[in-house]
Amino acid sequence: MPEKYTVIKKEKSPESGTGKVRALSSNVYTDAIEAKARGELVCWSASNFPAEILQTFQISTVYPESQAAAIGARHAAQELCEQSEAAGYSNDLCAYARINLAFAKNGKCEAQPMPLPDFLACCNNICDCMFKWYENLAVELNVPLVILDIPFNPDYDVSDAQLKYMRAQFYDCIAQIEKITGKKWDQARFEEIMKNVKAASQAWVKACEYSNNMPALFNGSDIVSNMGGMVTGRCYPAAAEAYNALCSEYQKMLDNGETTFKGDEKYRVMMEGISVWPYLRYIADALAAEGINTTSYVYGNYTHRIYDSLDEMLITYASVWNSVCIERAVDNRLAIAKPNHIDGILVHTNRSCKMWSGIQAEVTRRVAEACDVPLAVYDGDQADPRNFSEAQFETRLQGLVEIMDANKKAKEGQKDE
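First, a word on what this report is: a plain description of the structure on this page.

What counts and how
- The numbering scheme is per chain: residues are counted from 1 as the chain's sequence reads.
- Local features in a predicted model are, by the rule used here, given only for residues with pLDDT of at least 70; side-chain atom pairs are given and counted only at 80 or more, and totals for whole chains, interfaces and linings are based on all residues.
- The basis for every side-chain value is the complete set of non-hydrogen atoms in the structure, without hydrogens or water.
- Put simply, DSSP H or I for four residues or longer makes a helix, DSSP E for two residues or longer makes a strand, and each gets a number counted from the N terminus.
- Note on method: radius of gyration uses C-alpha positions; expected globular size equals 2.2 Å times residues raised to 0.38.
- Burial classes follow relative accessibility: with a 1.4 Å probe on protein chains only, a residue under 20% of its type's maximum area counts as buried, one over 50% as exposed, and anything between as partly exposed.
- Throughout, a residue-residue contact means that at least one pair of heavy atoms, one from each residue, lies within 4.5 Å.
- Strands qualify as paired when DSSP identifies two bridges or more between them.
- Inter-axis angles, ranging from 0 to 180 degrees, are taken between N-to-C directions of lines fitted to C-alpha atoms, where helices are fitted over the stretch in contact.
- Angular relationships are summarised with four words: roughly parallel below 35 degrees, roughly antiparallel beyond 145, roughly perpendicular across 65 to 115, and oblique for the angles in between.
- In this count, Pro and Cys sit with the nonpolar residues alongside Ala, Val, Leu, Ile, Met, Phe, Trp and Tyr, while Asp, Glu, Lys and Arg are called charged and the others, Gly among them, polar.
- Note on handedness: a crossover is taken as right-handed if, strands pointing away from the viewer, the path from the first strand over the helix to the second is clockwise.
- Buriedness of a pocket was judged along seven lines, with at least five required to meet protein on both sides within 12 Å; pockets are open sets of points on a 1 Å grid over the protein atoms alone, cavities are sets where a 1.4 Å probe fits but cannot get out, and lining residues have an atom within 4 Å of a point.
- Grid points are joined across faces, edges and corners, and a volume is the space filled by probe spheres set on the points.
- Side-chain rings of Phe, Tyr and Trp (the six-membered ring for Trp) are treated as a pair once their centres are within 6.5 Å; stacked means planes under 30 degrees apart, edge-to-face means over 60, and tilted covers the remaining angles.

Some remarks on the overall build of the protein
Inference 1: Across its full length, the protein holds 17 helices and 10 strands.
Inference 2: For 417 residues, the compact-globule estimate of 2.2 N^0.38 gives 22 Å, and the protein sits close to it at 21 Å.
Inference 3: Seen through its principal axes, the protein has C-alpha atoms that stretch 75 × 45 × 45 Å.
Inference 4: Counting every position in the protein, which comprises 417 residues, the buried fraction comes to 57%.
Inference 5: At a minimum sequence separation of 6, the contacts of the protein that also span at least 24 residues come to 80%.

Here you go:
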């Protein structure tokens with residue numbers, strides 16, 4: 001393994017793995033716009049609602065969270081946030097919600113067009129803010145709301161009682177959607193879609209694991225840039241094809257000793273928290289300037305869904321990041337941090353995501369202790385650019401670099417002895 005790779009530009013060809021993954025995400029929106037024009041039903045869905053249900057009914061589905069992230073990355077979020085605040089929504093509310101509630105009112109945003117919904121699908125395994133957000137949408141847009149209730153699990157494993165409850169919720173959702181769409185449930189199609197999701201998820205996990213190479217093959221922001229297809233397109237056969245192509249692209253880079261990381265990889269860091277989409281490029285450049293590569297990205301690594309049955313699928317959706325106890329949350333992070341040989345942890349305390357930020361202090365403290373690495377915390381927001389300070393970020397980053405550098409020198413001194 002070479003100590004230093006040749007830096008190459010990020011692949012942009014439509015036929016490349018990266019190109020196919022990006023198309024997987026963007027096609028969801030264009031396909032839904034075309035479906036709406038044909039008079040077909042469109043659903044707005046929470047990202048962690050089982051898309052497998054909606055795709056079994058062959059419903060064009062788009063994701064307000066994904067749209068809001070794209071709007072944030074394209075620097076168009078502030079105007080929509082301010083529109084929601086002018087309508088009475090607090091600045092303390094999730095930026096994704098504020099962006100989407102404003103979009104729902106005017107129905108237009110050049111940064112990421114999306115058709116208005118005929119019904120909504122929501123799940124509370126992310127946060128309770130999601131429930132209130134979608135309840136407001138249902139009232140303001142006068143459309144039906146389908147809810148799948150997945151209670152928070154204080155235990156390490158999902159209990160039989162919780163699974164029984166979720167199974168009943170699953171079938172109730174099916175009955176509601178049958179009434180809304182006039183379509184009947186197709187069990188064979190559902191089972192085929194589950195296979196699609198598993199195949200895509202296995203390929204995505206493999207792609208993320210290429211970051212374990214030292215040095216890594218790519219900039220950590222590549223992980224979050226490529227995770228979108230797992231949110232929006234994981235049910236389609238094209239998803240497995242795209243992510244397997246991405247794996248082939250990474251293998252070729254490994255064979256050729258290439259990387260997209262623009263810098264000398266001095267430190268490997270795990271990034272905790274949702275990306276600050278309006279400052280994604282700024283943060284990546286600031287890290288690269290210090291020789292830091294975010295080789296583990298909690299937000300991107302665990303968007304996969306691997307299961308073989310309905311019950312396993314429900315357990316998977318009951319085990320997403322914000323639905324598990326602290327012990328499980330710690331183990332989830334250690335599973336990606338330890339094989340990655342991280343030197344530190346950079347934590348985004350996200351003003352928008354109260355649930356995630358609330359557990360971060362204890363979870364990251366335990367992970368840092370188990371990996372014997374320092375951590376640094378910076379304030380920000382996933383989409384509202386007003387809630388991020390470049391000066392604070394640079395100060396916290398410099399402090400992390402100083403500790404990581406001291407740790408490296410101490411370890412080198414121990415080797416010399």
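Quick look at the sheet that holds strand β5 (residues 145-148)
Inference 1: Read from one edge to the other, the open sheet built from 4 strands follows the order β3-β2-β4-β5, with strand pairing classed as parallel. Edge strands, defined here as strands with exactly one partner in the open sheet, are β3 (60-62) and β5. Strand after strand, the sheet turns through a mean of 25° between neighbouring axes, direction not considered.
Inference 2: Taken strand by strand, helix α6 (residues 128-141) contacts β2 (42-45), β4 (119-123) and β5, and its axis lies near 170° from that of β4.

Some words on unusual backbone geometry
Inference 1: Here the residue pair M214 and P215 is connected by a cis peptide bond, since its omega of -5° sits within 30 degrees of zero.
Inference 2: Even without a glycine there, the phi angle at H75 is positive, about 60°.
Inference 3: With respect to the secondary-structure elements, H75 resides in the loop between α3 (64-73) and α4 (77-86).
Inference 4: Since its relative accessible area comes to 62%, H75 is described here as exposed.
Inference 5: Notably, N142 is not glycine yet its phi reads approximately 55°, a positive angle.
Inference 6: If you trace the backbone, N142 turns up in the loop between α6 and β5.
Inference 7: According to the relative accessible area criterion, N142 is exposed, its value standing at 69%.

Quick word on the sheet that holds strand β9 (residues 344-350)
Inference 1: Sheet architecture is open: 4 strands sit in the order β8-β7-β9-β10, paired in parallel fashion. Edge positions in the sheet fall to β8 (292-297) and β10 (375-380), since each of these pairs with one other strand and no more. Averaged over all pairs of adjacent strands, the angle between their axes in this sheet comes to 30°, without regard to strand direction.
Inference 2: Note that strand β7 (residues 267-272) and β9 share 4 bridges and pair parallel. Across the sheet, M270 pairs through a bridge with I345, a residue of β9.

Here's the deal with the packing of helix α7 (residues 160-181) against helix α14 (residues 310-317)
Helix-helix packing: each pair is described by the crossing angle between the helix axes and the interaxial distance.
Inference 1: In the contact formed by α7 and α14, the axes pass within 10 Å of each other and the chain directions differ by 105°. Regarding the angle of α7 to α14, the classification is roughly perpendicular. For the pair formed by α7 and α14, the contact residues are L163, M166, R167, F170 and Y171 on the first element and L310, D311, M313, L314 and I315 on the second.
Inference 2: Residue composition of the contact of α7 with α14, grouped by class: 8 nonpolar, no polar and 2 charged.

As for the pairing of β2
Inference 1: Both faces of β2 are covered, namely the face carrying V42 and W44 and the face carrying C43 and S45.
Inference 2: Bridge count for β2 against β3 is 3 bridges, and the pairing is parallel. Bridge assignment links V42 to a residue of β3, and that residue is S60.
Inference 3: As a crossover connection, the stretch from β2 through helix α2 (residues 51-56) into β3 is right-handed.
Inference 4: When β2 meets β4, the two strands line up parallel, connected through 3 bridges. Directly across from S45, in β4, lies its bridge partner A121.

Digging into empty space enclosed by the protein
Think of a ball as big as a water molecule: rolled over the atoms, this probe shows where empty space is left.
Inference 1: If you walk through the whole model with that rule in mind, you get 3 cavities of 30 Å³ or more.
Inference 2: The volume enclosed by the largest cavity comes to roughly 100 Å³.
Inference 3: Forming the boundary of the largest cavity are 15 residues, of which M271, L280, I283, A284 and Y297 lie nearest the centre.
Inference 4: Among the elements of the structure, α12 (280-289) and β8 are those that each provide at least two residues to the lining of the largest cavity.
Inference 5: The biggest single contributor to the lining of the largest cavity is α12, with 4 residues.

So, the packing of aromatic side chains
Inference 1: Scanning the model with the defined rule gives 19 aromatic pairs in all.
Inference 2: Ring centres 6.2 Å apart and planes at 80° place the aromatic pair Y279 and Y282 in the edge-to-face group.
Inference 3: Judged by its relative accessible area of 18%, Y279 falls in the buried class.
Inference 4: Overall, the relative accessible area of 19% leaves Y282 in the buried class.

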